[in-house]
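What follows is the residue order along each chain.
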Amino acid sequence: MSSESVSNAENESARPSHFIRDIVIQDIQNGKNGGRVHTRFPPEPNGYLHIGHAKSICLNFGLAQEFGGKCNLRFDDTNPSKEETEYVDSIIEDVRWLGFDWDDRMFYASDYFDQLYAWAIQLIKAGKAYVCDLNAEQVREYRGTPQEPGKESPYRNRSVEENLDLFERMRAGEFPDGSRTLRTKIDMASPNFNMRDPVMYRILRAEHHRTGNKWCIYPMYDYAHGESDSIEGITHSICTLEFEDHRLLYDWYVENLGIHAPQQIEFDRLNLTNTVLSKRKLLALVREKYVSGWDDPRMPTICGFRRRGYTPEAIRTFCANIGVSKTNGLIEFGLLEHYLREDLNKRALRVMAVLNPLKVVIDNYPDDLVEHMNAVNNPEDESAGSRTVPFSKVLYIEKDDFREDPPKQYFRLSPGREVRLRYGYLVTCTGVVKNDAGEVVEVHCTYDPATRGGNAPDGRKVKSTMHWVSAAHALDCEVRLYDTLFLEGKDTDDLASAFNPNSLQKKAAKIEPSVKDAAPLTKYQFERVGYFCADKEPGVFNRTVALRDTWAKVEKKTTS
RNA sequence: UGGGAGAUCGUUCAACGGUAGGACAGCAGACUCUGACUCUGCUUAUCGGGGUUCGAAUCCCUGUCUCCCAGCCA
């Protein structure tokens, strides 16, 4: 891992330690593996990467980086019936976007098929593997149950010669799919199912995305994974908790093959509230068109977050701070949003946009005058500079920013009250116009010409500063507001009933002209509203995350 | 009921026989040309029961609960 794109400062900033890091430190101190640290991120190319993978990516690449080691990107492509190059491409793009680099170390388990085959023959010759003629259903029956040991396959004690011959003919394509397997001869009575003569190779005629039709037999995960790790000289093979039971087999293979033995270490996979991180469910959301695609901004995929406006820095900081343990936990989505806002606050350009426009007429402002008010682009970053925003007699403000009958603690615009229009003027509400339904459709104000830019020369204070756009100059745009993918408390096994139909809300909004032709992925803070990001569709802005809204809380509390 | 693993504030991570701490969330203030940001203060936890020890979240025993495993998926 030689990535310079992840700054050392970020790396060193009080990153908490965890048990895997402690193991690595101890191994280095003990001179294990010659003090080398070599990890790998091993995705199966059968889906898009999601935030759970990001945790693993940050862990593996991060550890390598911290201890001067290396981290490989390796595709675990041993099941051609599910894997596609589309997924390979997206995974490469997403890991890069997250800020990591693998130099020339991009591998595929399929790179090792020849070696794996040779080692399988070695195990057959050692009497530790045999060809089994049982079909899938029979294998299951013979496997036994948690309480009862399994039964040995009737083909278990074939001669080495017969096994060699049969295995060679399996590879040559003489037998139909599923008719035979190569099995490891271990222990049908083991309390650990993985040791009850696990299948090493199955016959499977499917075009492989890399090896094409060269093979009709494919190695199983347990056999291929550890051996791939070994070939690459991996020192710490980090995986998730569900593989704990597999460690025994992992160790069995490297030991019986007499090859370099990486250490498998398991950690807890990431779970986030209000979403799903299961490939199967994410695939279903895409296939059944609940979302527009893998990069739908509601998806917890890396590309979904990217399109939504998340930054790699925010995701990395999140991953560095959630910790690594063996507890099956559920992290609050709000924590991710916290690190997101923290990052966006530093980098997003401030801009004014009105999502629910209410017309405001400044009665004493000259009809044809247009003033270009100076506005700061980012108060958190002086180098972001400033821009100018057109001000005129007819404006739009947010409907929520006016109340004809203001509740207690409401200090935005209402009849008789003076507020500041940000970077504009202090204005006082003098009256309203209503429609037949009695709704306020227009607010009338007067302005104080002495307060140009928003400052009162007499030093008088107003309680509220509000955003606005000039009606004649504002651009029309579409704003997409996102809510959680799923309804609170629903079982996501039933997508149809759990899916939140209001997870996407489209709105026609008014926005200041400075954002014209914003490049996709440009990040903004719509002041007082939230962080938004220009979508790949022109004229569309995705709400990345709302700003914290204390008033909404107060109001909710007082009305309920 | 077989095997593997795990239980600490609402959530999450730490404390590695010596004052249970941080982050997020929550609450109360301060500040503010964003009710944002920032700052200050506060509330809240060792799964139960026994033991060992001057001293236990930590060690021992015992119980309880949760997660994973019977794919020719990874």
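Small disclaimer: the values here were computed from a predicted structure and weren't measured.

What counts, and where the lines are drawn
- Residues numbered from 1 in each chain as written.
- Chains lettered and ligands numbered in written order.
- Predicted model: local features only at pLDDT ≥ 70, side-chain atom pairs only at ≥ 80, totals over all residues.
- Heavy atoms only, no water.
- Helix = DSSP H or I, 4+ residues; strand = E, 2+ residues; numbered from the N terminus.
- Buried < 20%, exposed > 50% of the residue type's maximum accessible area, 1.4 Å probe, protein only.
- Contact = heavy atoms within 4.5 Å.
- Axes fitted to C-alpha atoms, helices over the stretch in contact; angles between N-to-C directions.
- Parallel < 35°, antiparallel > 145°, perpendicular 65-115°, else oblique.
- Nonpolar A, V, L, I, M, F, W, Y, C, P; charged D, E, K, R; others polar.
- Disulfide = S-S within 2.5 Å.
- Pairing = 2+ DSSP bridges.
- pLDDT = per-residue confidence, 0-100.
- Near = heavy atom within 4 Å.
- Polar contact = N/O pair within 3.5 Å; in protein donor to acceptor, adjacent residues only side chain to side chain.
- 1 Å grid on protein atoms, 1.4 Å probe; cavity = no way out; pocket = protein on both sides within 12 Å on 5 of 7 lines; lining within 4 Å.
- Points joined across faces, edges and corners; volume = space filled by probe spheres on them.
- Phe/Tyr/Trp six-rings, centres within 6.5 Å; stacked < 30°, edge-to-face > 60°.

A. Highlighting the overall build of chain A. Helices and strands together make up the secondary structure of chain A, namely 15 helices and 25 strands. Based on the C-alpha atoms only, the size of chain A along its principal axes is roughly 100 × 55 × 40 Å. Going through the 560 residues of chain A one by one, you find that 52% of them count as buried. A separation threshold of at least 6 residues defines the contact pool for chain A, and within that pool the share at least 24 residues apart is 71%.

B. Fine view of the packing of helix 5 (residues 113-125) against helix 9 (residues 247-257). Where helix 5 meets helix 9, the closest approach of the two axes is 10 Å, and the angle between their N-to-C directions is 80°. When the axis of helix 5 is compared with that of helix 9, the two are roughly perpendicular. Residues Trp-119, Gln-122 and Leu-123 of helix 5 form the contact with helix 9, whose own contacting residues are Trp-252, Tyr-253, Asn-256 and Leu-257. Here the contact of helix 5 with helix 9 is composed, by residue class, of 5 nonpolar, 2 polar and no charged.

C. Main features of the state of the cysteines. One pass over the full model with this rule turns up 0 disulfides. In this model Cys-445 remains outside any disulfide bridge; the closest cysteine sulfur is found in Cys-429, 5.0 Å from its own. Judged by its relative accessible area of 0%, Cys-445 falls in the buried class. Free cysteine Cys-533: the closest other cysteine sulfur is in Cys-477, separated by 13 Å. Exposure remark for Cys-533: the relative accessible area of 0% places this residue in the buried category.

D. Fine view of the environment of Ile-362. Looking at where Ile-362 falls in the secondary structure, it is placed in strand 12 (residues 357-362). Filtering out sequence-adjacent residues up to four positions away, Ile-362 remains in contact with Phe-391, Ser-392, Lys-393, Leu-395, Leu-421, Val-427, Cys-445, Thr-446 and Tyr-447.

E. A look at the sheet that holds strand 7 (residues 217-219). As summarised here, the arrangement of the 4 strands in space is 4-5-6-7, forming an open sheet in which the pairing is antiparallel. Only two strands of the sheet have a single neighbouring strand rather than two, namely strand 4 (129-132) and strand 7. The sheet shows a mean angle of 20° between the axes of neighbouring strands, direction not considered. Pairing geometry for strand 6 (residues 199-203) and strand 7, over 3 bridges, is antiparallel. Looking at the pairing, Ile-203 lines up with Ile-217 of strand 7. Of the strands in this sheet, strand 4, strand 5 (181-184), strand 6 and strand 7 are in contact with helix 5, which crosses strand 6 at around 120°.

F. Structural detail: the sheet that holds strand 24 (residues 530-534). Read from one edge of the open sheet, 7 strands run 10-23-24-25-21-22-11, paired in mixed fashion. What marks the edges here is a single partner per strand, and that holds for strand 10 (349-351) and strand 11 (353-354). Here strand 23 (residues 523-526) runs beside strand 24; their pairing, made up of 4 bridges, is antiparallel. When the bridges of strand 24 are listed, Phe-526 appears paired with Gly-530. Strands in contact with helix 13 (residues 333-347) are strand 10, strand 23, strand 24 and strand 25 (540-546); relative to strand 25, the strand with the most contacts, it is inclined by about 120°.

G. Quick look at the confidence of the model for chain A. Averaged over all residues, the pLDDT of chain A equals 95, while 97% of them reach at least 70. Every residue in residues 1-14 is under pLDDT 50, and counting partners more than four places away or in other chains gives 25 contacts. Reported confidence for the predicted complex is 0.97 by ipTM and 0.96 by pTM.

H. Up close: the protein's contact with RNA strand B. As a structural note, the neighbourhood of RNA strand B is formed by 68 residues, with Arg-350, Arg-412, Arg-420, Gly-453 and Thr-550 the closest of them. Per the 4 Å cut-off to the protein, sugar and phosphate atoms form 65% of the nearby atoms of RNA strand B. Contacts to RNA strand B include Asp-76, whose side-chain N or O atom sits 3.4 Å from a sugar or linking oxygen. Arg-422 is positioned such that a nitrogen or oxygen atom in its side chain is 3.1 Å from a sugar or linking oxygen of RNA strand B.

I. Layout of the pairing of strand 17 (residues 426-434). Both strand 16 (residues 418-421) and strand 17 contribute to a ladder of 3 bridges, which runs antiparallel. Residue Arg-420 lies in a different strand from strand 17, and its bridge partner there is Leu-426. Hairpin connection between strand 16 and strand 17: a loop of 4 residues separates the two successive antiparallel strands, and Tyr-423 in this loop has a positive phi of roughly 65°. In the sheet, strand 17 pairs with strand 18 (residues 440-447) via 7 bridges, with the strands oriented antiparallel. Within the sheet, the bridge partner assigned to Gly-431 lies in strand 18 and is His-444. Counting the residues that bridge the hairpin from strand 17 to strand 18 gives 5 residues, and of these Gly-438 lies at a positive phi of roughly 85°.

J. Structural view of empty space enclosed by the protein. A complete count under the given rule lists 1 cavity of 30 Å³ or more for this structure. The calculated volume of the largest cavity comes to roughly 40 Å³. Forming the walls of the largest cavity are Tyr-221, Asp-222, His-225, Gly-226, His-246, Leu-249, Tyr-250 and Gln-264. Those elements that place two or more of their residues in the lining of the largest cavity are helix 8 (221-231) and helix 9. Counting residues per element, the lining of the largest cavity draws most heavily on helix 8, which supplies 4 residues. Across the lining of the largest cavity, the residue classes break down as 3 nonpolar, 4 polar and 1 charged.

K. Geometry of the packing of aromatic side chains. Applying the stated criterion to the full structure yields 27 aromatic pairs. Judged by centre distance (4.8 Å) and plane angle (15°), the ring pair of Tyr-48 and Trp-294 falls under stacked. Of this pair, Tyr-48 sits in the loop between strand 1 (38-41) and helix 3 (51-66) while Trp-294 sits in the loop between helix 10 (279-287) and helix 11 (302-308), and the two are 246 residues apart along the sequence. Residue classification places Tyr-48 among the buried residues on the basis of a relative accessible area of 13%. Members of the aromatic cluster, joined through ring pairs, are Phe-113, Tyr-117, Phe-167, Tyr-201, Trp-215, Tyr-218, Tyr-223, Trp-252 and Tyr-253.

L. Local environment of unusual backbone geometry. For Asn-274, which is not glycine, the phi torsion reads 65° and is therefore positive. Relative to the helices and strands, Asn-274 resides in the loop between strand 9 (263-267) and helix 10. What makes Asn-274 partly exposed here is its relative accessible area of 28%.

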